[in-house]
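Listed below, chain by chain, are the residues.
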Amino acid sequence: RSLAYIPYEQTDSLKYLALPSPSLEPERYKSVETGLQIKLGRNITANLSAFYNEITNPIVNTAVPIDIDRYPRATAGSDSLWANSYINSDEAISRLYGVQANVLFNNIIPRYKLNGELNLSLAQQSDEAPELLEFIVSNIQLMPRHMGQLSLWATPHKNLRIRADMVWMTKWLRVLIPFEELYSKVFSDVDGYYTIDLTANIILEHNLTLTFKANNL
């Protein structure tokens, strides 16, 4: 499907902005994942996994010359006869791979009924055509190089429940900006972040609970 308009100075011509792409082929996507579950004693369970994702033959938007024989009314005005069109890139390839871990802690301090959950992920991206920024952003999810989340909750008293949620990330825009030197210039002072949320519930009566919550400490 094409996109064009009639220039006011040349009403018998068409200015093409986009051309149809009848020869497009599907993008090829490959994904492999493996996992392992480990039980450490009665109170700790760990799930480990590794993944590999690959995209080839991507569909990208690029400028192509207009075929006058096929589009005889095409005009460029002061511009050259070019328009945008979607094509398959034979050379571009993008890979995303890494490892993930999930660890559950069940009643690790029985006196306080302390439980916890730890999630960790390490990811790495590589592209053989880093100049195709639109392809990279649209196909690979914005994913930090390292991400961690730790949640702890306890009941130190029958009427008191406490929960803490911590999240940290690093290199969280690396996927969006594939050039190391550009990333360093733009985000030289920001390479990640850490936050913690705290929640406390105090049970005053059977149908009455007082809640305290603090975010982004």
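A quick note: this is a predicted structure, and the numbers were derived from the prediction, not measured.

Rules of the game
Residues numbered from 1 in each chain as written. Predicted model: local features only at pLDDT ≥ 70, side-chain atom pairs only at ≥ 80, totals over all residues. Heavy atoms only, no water. Helix = DSSP H or I, 4+ residues; strand = E, 2+ residues; numbered from the N terminus. Buried < 20%, exposed > 50% of the residue type's maximum accessible area, 1.4 Å probe, protein only. Contact = heavy atoms within 4.5 Å. Areas by Shrake-Rupley, 256 points an atom, 1.4 Å probe, with all protein chains shown as cover. Core = buried A, V, L, I, M, F, W, Y, C linked by side-chain atoms within 4.5 Å. Pairing = 2+ DSSP bridges. Polar contact = N/O pair within 3.5 Å; in protein donor to acceptor, adjacent residues only side chain to side chain. Salt bridge = Lys/Arg side-chain N within 4 Å of Asp/Glu carboxyl O.

**Topic: the overall build of the chain**
Looking only at helices and strands, one finds 2 helices and 12 strands in the chain. Start at the N end of the chain and walk to the C end: the helices and strands fall as β-β-β-β-β-β-β-β-α-β-β-α-β-β. Burial status across the chain gives 31% buried among its 217 residues. Counting only contacts in the chain whose residues sit at least 6 apart along the sequence, the fraction spanning at least 24 positions is 57%. Accessible surface, the chain: about 14,400 Å² in total, of which carbon and sulfur atoms supply 56%.

**Here we look at the nonpolar core**
Counting 8 residues, the largest nonpolar core is built from Leu14, Tyr16, Leu19, Val64, Ile66, Tyr71, Ala74 and Ala83. If sequence neighbours within four positions are ignored, Ile66 has contacts with Tyr16, Leu19, Tyr71, Ala74, Leu81, Trp82 and Ala83. Judged by nonpolar contacts, the second largest core, of 7 residues, contains Ala46, Ala164, Met166 and Ile196.

**Quick notes on the pairing of strand β7 (residues 93-109)**
By the bridge criterion, 13 bridges tie strand β4 (residues 44-56) to β7 in an arrangement that is antiparallel. Each bridged residue has a counterpart across the sheet, and for Ile44 the counterpart in β7 is Phe105. Note that β7 and strand β8 (residues 114-127) share 13 bridges and pair antiparallel. Looking at the pairing, Ala101 lines up with Leu120 of β8. Counting the residues that bridge the hairpin from β7 to β8 gives 4 residues, and of these Lys113 lies at a positive phi of roughly 50°.

**Topic: the side chain of Asp165**
Structurally, Asp165 is set in strand β10 (residues 160-170). Classification of Asp165 as buried rests on a relative accessible area of 18%. Reaching out from Asp165, the side chain makes a polar contact with the side chain of Arg163 at a distance of 3.1 Å. Setting aside chain neighbours within four positions, we find Asp165 in contact with Leu150, Ser151, Thr195, Ile196 and Asp197.

**Comments concerning the pattern of salt bridges**
Taken as a whole, this structure holds 3 salt bridges when the rule is applied. One salt bridge in this structure joins Lys30 and Glu54, with 3.7 Å as the shortest N-O distance. Remark: Glu54 occurs in strand β4 and Lys30 occurs in strand β3 (residues 28-40); sequence separation between them is 24 residues. Assessed through its relative accessible area of 45%, Lys30 is described here as partly exposed. For Glu54, a relative accessible area of 13% puts it in the buried group.

**Points about unusual backbone geometry**
Phi angles above zero are rare outside glycine, and Asn57 is one such case at about 55°. Within the secondary structure, Asn57 is located in the loop between β4 and β5 (59-65). Positioned with a positive phi, Asn107 is a non-glycine residue whose angle comes to about 55°. Relative to the helices and strands, Asn107 is located in strand β7. What makes Asn107 partly exposed here is its relative accessible area of 30%.

Such coordinate-based values are descriptive only and should not be taken to indicate function.
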